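# Tertiary structure, described
For reference, the chains in residue letters:
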Amino acid sequence: SSASFQKLLILVLWTQPIAGFDVASTEQPLVPREVAKIGSNGLFTAPALLDLDRFCVDVGVNKGNVLVPWLEKSDSMFVVGFEANPALYASFEMNAGINFDTPELKKGNGNILERATARYRNFNSRALIVHGAVADEPGYAQFNMGWGFQARHGHAPSDVGSLMDFTGGMAAMGKKLRRPGHEVVVRKLRLESVLRHVPLPPALVWDTLKIDIQGYDVEALYSAGPYLKHFACVIGEFETKGYEVPQGLRTDPAVPLRAAGFVPVKDPRTKKDSHTSWINPDAKAAYLAAPESFHCHTIYDGSFKTAAPFIEAFKAL
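Let me sum up the structure you'll find in this document. (Residues numbered from 1 in each chain as written. Predicted model: local features only at pLDDT ≥ 70, side-chain atom pairs only at ≥ 80, totals over all residues. Heavy atoms only, no water.)

## Section: the overall build of the protein chain
Going by this rule: Numbering goes from the N terminus for both helices and strands, where a helix is a DSSP run of H or I of at least four residues and a strand is a run of E of at least two. A simple rule labels every residue: compare its accessible area, found with a 1.4 Å probe on the protein chains alone, to the largest value its type can have, and call it buried under 20%, exposed over 50%, or partly exposed in between. By definition in these notes, contact holds between two residues if any of their heavy atoms fall within 4.5 Å. Where accessible areas are quoted, they stem from the Shrake-Rupley method and a 1.4 Å probe; at the residue level, only the protein chains shown are allowed to cover.
Summing up its helical and strand segments, the protein chain has 13 helices and 12 strands in all. Taking all 317 residues of the protein chain together, 49% fall into the buried category. Relative to all contacts within the protein chain whose residues are 6 or more apart in sequence, the contacts with residues 24 or more apart total 70%. In the form shown here, the protein chain has an accessible surface area of approximately 14800 Å², with 55% of it arising from carbon and sulfur atoms.

Dropping the structure here:
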């Protein structure tokens, strides 16, 4: 029957042997997925193979709140995501193709299995999720699993997490709900270790770099090295309130971003320079030619939920 065939197809897709990075180093993401294949030129093969023309990075995938809509907005995008929290990483990998329905998918025709099959193909071919904590120095570190909304209400083991310890209310909640696995050891890697395998512009438009990793956002910027300058937009939380910040940790995003040529976007509410949203003057012509094709305004709600502030900022350059 058709239903039986669809179930078999999902099973076959899920169990296919797939090649990944053939290295044993904290500098490389050991990801056993087809999308992780690298050609003889040292670059990911997926963009050229699938005729993709756009590239985004999601540092702090969480439950896919940003990454999944990205993939559904553009069918020509290559996305690399990073998630350190083992509970979130495992659940996202398992659910992305089967159960992670969104309103966009539900609008389509067909039954659940058809939608799930389409989602899995979409995710498997164009999204590489790397399990690791992004930091400027590779290695291994203790990771605080944290206690977000989902965990507090019993829906998930954890839905946040940080390389730092929490303070204030989050710390109190952690003590109240503490159970085995609250702290784990995770692998640390630099963004540069993955970005160096991505085709550079003009082969791909390096669209948006989004960073939200609970206090370590600026260290992630530094970890991008010389590749930071290729993105059109950088959007980040860049907040350390609520964490025990280690001495010497760099926390000012303006330093690496300005050094790479970025300028802040004006906050429409305050008319002051934004701390979270930055644009690259080198991308001005491409952005203004097609603002809605970029994903700078698809990260957070609030004053930056439309392209208008970014259009204004690029025009002002």
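## Here's the deal with the side chain of Asp-207
Tracing the sequence through the fold places Asp-207 in strand 8 (residues 205-211). When neighbours within four sequence positions are excluded, Asp-207 is seen to be in contact with Arg-54, Phe-55, Cys-56, Phe-231, Ala-232, Cys-233, Ser-293, Phe-294, His-295 and Cys-296.

## A short note on the layout of surface pockets
Over the atoms rolls a probe the size of a water molecule, and its path tells where empty space is left. The cut-off we apply is this: The distinction between a cavity and a pocket rests on a 1 Å grid over the protein atoms alone: a 1.4 Å probe fits inside a cavity but cannot get out, while a pocket stays open yet meets protein on both sides within 12 Å along at least five of seven lines, and a residue with an atom within 4 Å of a point counts as lining. Grid points are joined across faces, edges and corners, and a volume is the space filled by probe spheres set on the points. Any residue that is not Ala, Val, Leu, Ile, Met, Phe, Trp, Tyr, Cys, Pro, Asp, Glu, Lys or Arg is counted as polar, Gly included; the first ten are nonpolar and the last four charged.
Approximately 450 Å³ is the volume attributed to the largest pocket. Surrounding the largest pocket, 30 residues form its lining, Gly-60, Asn-62, Lys-210, Asp-212 and Gln-214 being those nearest its centre. Breaking the lining of the largest pocket down by element, the ones donating at least two residues are strand 1 (54-59), strand 2 (77-83) and strand 4 (133-134). When its residues are assigned to classes, the lining of the largest pocket shows 15 nonpolar, eight polar and seven charged.

## A look at the state of the cysteines
Put simply, the test is: Our working definition of a disulfide is a cysteine sulfur pair at a distance within 2.5 Å.
Under the defined criterion, the tally for this structure stands at one disulfide. With its sulfur 2.0 Å from that of its partner, Cys-233 forms a disulfide with Cys-296. What sets the handedness of the Cys-233 and Cys-296 disulfide is the S-S torsion sign, and at about 70 degrees it is right-handed. In this pair, Cys-233 sits in strand 9 (residues 233-236) while Cys-296 sits in the loop between helix 12 (284-289) and helix 13 (308-316), placing the two residues 63 residues apart along the sequence. With no disulfide of its own, Cys-56 lies 8.0 Å from the sulfur of Cys-296, the closest cysteine sulfur.

## A short note on the environment of Ala-307
Looking at the element boundaries, Ala-307 is found in the loop between helix 12 and helix 13. In this structure the C-alpha to C-alpha distance between Ala-307 and His-297, which are 10 residues apart in sequence, comes to 5.5 Å. Beyond its immediate sequence surroundings of up to four residues, Ala-307 is in contact with Tyr-287, Pro-291, Glu-292 and His-297.

## What about the sheet that holds strand 5 (residues 139-144)?
Definition in use: Pairing between two strands is assigned when DSSP locates at least 2 bridges connecting them.
The strand order 4-7-5 describes an open sheet built from three strands, whose pairing is mixed. Lying at the two open borders of the sheet, with one neighbouring strand each, are strand 4 and strand 5. When strand 5 meets strand 7 (residues 183-189), the two strands line up antiparallel, connected through six bridges. Its bridge partner being in strand 7, Tyr-140 is matched across the sheet by Arg-187.

## Let's talk about the sheet that holds strand 3 (residues 127-131)
Our working rule: Structural elements are reduced to axes, namely lines fitted to C-alpha atoms, with helices fitted over the stretch in contact, and the angle between N-to-C directions of any two is expressed from 0 to 180 degrees.
Pairing in this open sheet of seven strands is mixed, and the strands run 3-2-1-8-9-12-11 from one edge to the other. The open sheet is flanked by strand 3 and strand 11 (263-266), the only strands paired with a single partner. Going across the sheet, the axis of each strand differs from the next one's by a mean of 25 degrees, ignoring polarity. Bridge count for strand 1 against strand 8 is five bridges, and the pairing is parallel. Within strand 8, the residue paired with Asp-58 across the bridge is Lys-210.

## Remarks on the pattern of salt bridges
As a reminder of what qualifies: In what follows, salt bridge is the name for a side-chain nitrogen of Lys or Arg lying within 4 Å of a carboxyl oxygen of Asp or Glu.
If you walk through the whole model with that rule in mind, you get eight salt bridges. Taken together, the salt bridges that share partners define one network made up of Asp-136, Arg-190, Glu-192, Glu-219 and Arg-250.

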